[in-house]
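Letter by letter, the chains look like this.
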Amino acid sequence: MFRSKVRDCMKALERMLREDVFVDVHSSPEPHLGMEIEFNLVRDDMSPAMSNLEVLQAIDDHAVFQTELGQFNVEMNVEPRRLTGDEPFELEDSLRSSLRRADDRMHRHDAQLVMIGMLPTLELDDLELGRITANPRYEALNDQIFAARGEDIELDLDGVPLPGSDVVETLRADMNSVVPEAACTSLQLHLRVAPEDFATHWNAAQCLAGAQVALAANSPFLAGKALWHESRIPLFAQATDTRPLELRNQGVRPRVWFGERWIDSALDLFEENSRYFTALLPEISDVDPMAELDAGRVPELRELQMHNGTIYRWNRPVYDISDGHPHLRVENRVLPAGPTVLDTMANAAFYYGTLRALADADEPLWRDLSFDAAERNLVLGAKFGLDAKLYWPRTGWVGADELVLRCLLPLAHKGLDAYGLSAAVRDRYLGIVERRASSRQTGAAWQRRQVARREAAGEDRRVALLGMMQDYVQNMRTGTPVHEWE
């Protein structure tokens, strides 16, 4: 029944695109920046604070802060802002104000917000079934994934040696819940686009994914192990994998997915989602989407939205309704949270600017870049950060830092200028990107060097991680961008 309703939603969406129901997008030519930020909660001793419900009650701002899968997580939803003029400065000020207000209200719970891609002090015991946030949706998601697998989730990650070492550390564990997914805290960027422009923006975002992750990596440690610079990428894929070994061997597609081809329309992605993936949360409404269209109303396409929300593409298509009008968004999901508000704004500016320039180019970049090469870039950027070698058309294999400095930053300036952002905005945020790439100090690189230095001074791994996290939180609170951290 649910599958049938998804097909009905697909037919309605196809008709809406054919009949220009999305035409209202053109009446609002100024693009909007949308942002979701996931946070970890830590106690004063830097251990995870399993108190998100109490923290949210204390913050008392449910329009902005919401629950996440793990008891040690909360999510912040940022009201969309226009991508024009000096608007990003107002967004930065708003972010800081919201975080200060939240921190002031939650201290009595021995908890504070940390912007980091993966909390280094998390242990495997913190990722057990009992750590799921008390919410029927999260519990149903966990049950459905395990019912599909028929067995525990296997975590199997190999690391990258710390500076001064040649030891490759490994993490092997069988987990009885999807809570390891909650260890992956991200920055999600949204961009509303006209339907006819969706494919070029999605293809461009796929091209950028590897460089994005290399530049912003901030997730090098989990359960005491030094893993990839951006360990969220492999961990998230493994933690939500509904396939047992037999289905993986048969080539069944994973729910955390880069994709397998360039697209010509948003419909390509929604059709793949409905064709390749079983339902995890099969909730059915009584609404007939075609009847809604016939009556002149905008259909919610609830089943399609529900199904789409359980397929975790790194660049995900989103159908939604705002102020009574339907729209399509590209949701960029590859970035980690943090380390600071300023770094977050810089990462967003780099993405939006470069994306716009690639989408506006006369010759699409993806004509000269194979889809497999784009996916390989994502893996390399996640594993090695700015130490990665990435492939880029007409350039060949190039260091990620050099790619950012030589090729992508000029595009980012051009794209932000095309949006109408002020020179002050471009210089502030892209200047941070330039200095980060020049210094090669991402959040992950800083964490790895700090732990290596502490261990060289005689500290064991646990003490080194705790000390590093105390310094991380202190630096985060100053707001100084990570490339300036000592």
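All figures in this text were calculated on a predicted structure; none of them were measured in a lab.

**Points about the overall build of the protein**
(1) Moving on: For the protein, the count of helices and strands is 16 helices and 15 strands.
(2) Moving on: Relative to the globule expectation of 23 Å for 486 residues, the C-alpha radius of gyration of the protein, 22 Å, shows essentially globular dimensions.
(3) Moving on: Expressed as a percentage of its 486 residues, the buried residues of the protein come to 61%.
(4) Moving on: Considering only contacts within the protein whose residues lie at least 6 apart along the sequence, 75% involve residues at least 24 apart.
(5) Moving on: Total accessible area computed for the protein in this model is approximately 19,100 Å², and 45% of it derives from carbon and sulfur atoms.

**A word on the packing of aromatic side chains**
(1) Moving on: Under the defined criterion, the tally for this structure stands at 15 aromatic pairs.
(2) Moving on: Here Trp-202 and Phe-371 contribute two aromatic rings whose centre-to-centre distance is 6.4 Å and whose plane-to-plane angle is 20 degrees, an arrangement assigned as stacked. One end of the pair, Trp-202, is in helix α5 (residues 195-216); the other, Phe-371, is in helix α12 (residues 371-384), and 169 residues separate them in sequence.
(3) Moving on: Looking at Trp-202, the relative accessible area reads 0%, which means it is buried.
(4) Moving on: A relative accessible area of 7% places Phe-371 in the buried class.

**A word on the environment of Ala-182**
(1) Moving on: With respect to the helices and strands, Ala-182 occurs in the loop between β6 (170-175) and β7 (186-193).
(2) Moving on: Distance in space between the C-alpha atoms of Ala-182 and Lys-389 is 29 Å, their sequence separation being 207 residues.
(3) Moving on: When sequence neighbours within four positions are dropped, the list of residues in contact with Ala-182 reads Leu-69, Gly-70, Phe-72 and Asn-73.

**Overview of the packing of helix α3 (residues 87-106) against helix α14 (residues 423-439)**
(1) Moving on: Two elements in contact, α3 and α14, have axes separated by 10 Å at closest approach and are oriented at 50 degrees. Taken together, α3 and α14 sit at an angle that is classed as oblique. Of α14, the residues touching α3 (which contributes Pro-88, Phe-89, Glu-92 and Arg-96) are Ala-424, Val-425, Arg-428 and Tyr-429.
(2) Moving on: Residues of the contact of α3 with α14, tallied by class, amount to five nonpolar, no polar and three charged.

**Some points on empty space enclosed by the protein**
(1) Moving on: Taken as a whole and judged by the stated rule, the model has two cavities of 30 Å³ or more.
(2) Moving on: Computed from the structure, the largest cavity encloses a volume of approximately 60 Å³.
(3) Moving on: Contributing to the lining of the largest cavity are Leu-33, Leu-83, Pro-88, Met-345, Ala-348, Ala-349, Tyr-352, Leu-416, Leu-421, Val-425 and Tyr-429.
(4) Moving on: Listed by contribution, the elements that provide at least two residues to the lining of the largest cavity are α11 (341-360) and α14.
(5) Moving on: In terms of residue count, the dominant contributor to the lining of the largest cavity is α11 (four residues).
(6) Moving on: Split by residue class, the lining of the largest cavity holds 11 nonpolar, no polar and no charged.

**Remarks on the pattern of salt bridges**
(1) Moving on: Within the structure shown, the criterion is met by 35 salt bridges.
(2) Moving on: Between Asp-294 and Arg-15 there is a salt bridge, with the nearest N and O atoms lying 2.9 Å from each other. Of this pair, Asp-294 sits in helix α9 (residues 289-294) while Arg-15 sits in helix α1 (residues 2-18), and the two are 279 residues apart along the sequence.
(3) Moving on: Relative accessible area serves as the criterion here: at 15%, Arg-15 is assigned to the buried category.
(4) Moving on: Two residues, Glu-272 and Arg-261, come together in a salt bridge whose shortest N-O distance is 2.7 Å. A residue pair is termed long-range when its members are at least 10 positions apart, and Glu-272 in helix α8 (residues 266-276) and Arg-261 in the loop between β10 (256-257) and α8 qualify at 11 residues.

**Let's talk about the side chain of Gln-71**
(1) Moving on: Relative to the elements of secondary structure, Gln-71 occurs in the loop between β2 (65-67) and β3 (73-82).
(2) Moving on: Given the relative accessible area of 18%, Gln-71 is considered buried.
(3) Moving on: Discounting chain neighbours no more than four positions away, the residues touching Gln-71 are Leu-41, Ala-49, Met-50, Ser-51, Asn-52, Gly-130, Arg-131, Ile-132 and Thr-133.

**Some words on the nonpolar core**
(1) Moving on: Met-35 and Tyr-352 are the most contacted members of the largest nonpolar core, which totals 160 residues.
(2) Moving on: By residue number, the principal contributor to this core is α5, which donates 13 residues.
(3) Moving on: Not counting residues within four places of it along the chain, the set of residues in contact with Met-35 comprises Met-76, Asn-77, Val-78, Leu-91, Leu-95, Leu-187, Gln-188, Leu-189, Thr-344, Met-345 and Ala-348.

**A closer look at the pairing of strand β12 (residues 315-322)**
(1) Moving on: In this sheet, strand β13 (residues 325-336) lies alongside β12 in antiparallel orientation, the contact comprising eight bridges. Following the sheet pairing, Asn-315 is matched in β13 by Asn-332.
(2) Moving on: Hairpin geometry of β12 and β13 is characterised by an intervening segment of two residues between the two adjacent antiparallel strands and by a positive phi of about 55 degrees at Asp-323.

The rules we used
Along every chain, residues carry numbers that run from 1 in the direction the sequence is written. Two thresholds apply to this predicted model, a pLDDT of at least 70 for residue-level local features and 80 or more for giving and counting side-chain atom pairs, whereas whole-chain, interface and lining totals are computed over all residues. Only heavy atoms go into the side-chain values, all of them from the structure, while hydrogens and water stay out. Numbering of helices and strands runs from the N terminus, with a helix taken as a DSSP run of H or I at least four residues long and a strand as a DSSP run of E at least two residues long. For this measure, only C-alpha atoms enter the radius of gyration; the expected value for a globule follows 2.2 Å times N^0.38, where N is the number of residues. Buried residues are those whose accessible area, probed at 1.4 Å on protein chains only, stays under 20% of the maximum for their type, while exposed residues exceed 50% and partly exposed ones sit between those limits. The contact definition used throughout considers only heavy atoms, calling two residues in contact when any of these lie within 4.5 Å. Throughout, the Shrake-Rupley method with a 1.4 Å probe supplies accessible areas, and for residues the shown protein chains are the sole cover considered. Centres within 6.5 Å are what make two rings of Phe, Tyr or Trp a pair, Trp counting through its six-membered ring; a difference in plane orientation under 30 degrees is then read as stacked, over 60 as edge-to-face, and the rest as tilted. With axes taken as lines fitted to C-alpha atoms, and helix axes fitted only over the stretch in contact, angles between N-to-C directions fall between 0 and 180 degrees. Each angle receives one of four descriptions, namely roughly parallel if under 35 degrees, roughly antiparallel if over 145, roughly perpendicular if within 65 to 115, and oblique otherwise. Only Asp, Glu, Lys and Arg are considered charged, only Ala, Val, Leu, Ile, Met, Phe, Trp, Tyr, Cys and Pro nonpolar, and every remaining residue, Gly among them, polar. Each cavity reported here is a set of points on a 1 Å grid over the protein atoms alone in which a 1.4 Å probe fits but cannot get out, each pocket an open set with protein on both sides within 12 Å along at least five of seven lines, and each lining residue one with an atom within 4 Å of a point. Grid points are joined across faces, edges and corners, and a volume is the space filled by probe spheres set on the points. A pair is scored as a salt bridge if a Lys or Arg side-chain nitrogen falls within 4 Å of a carboxyl oxygen belonging to Asp or Glu. For the purposes of this section, nonpolar cores are sets of buried Ala, Val, Leu, Ile, Met, Phe, Trp, Tyr and Cys residues that join through side-chain atoms within 4.5 Å. Note: two strands are recorded as paired if DSSP finds a minimum of 2 bridges between them.

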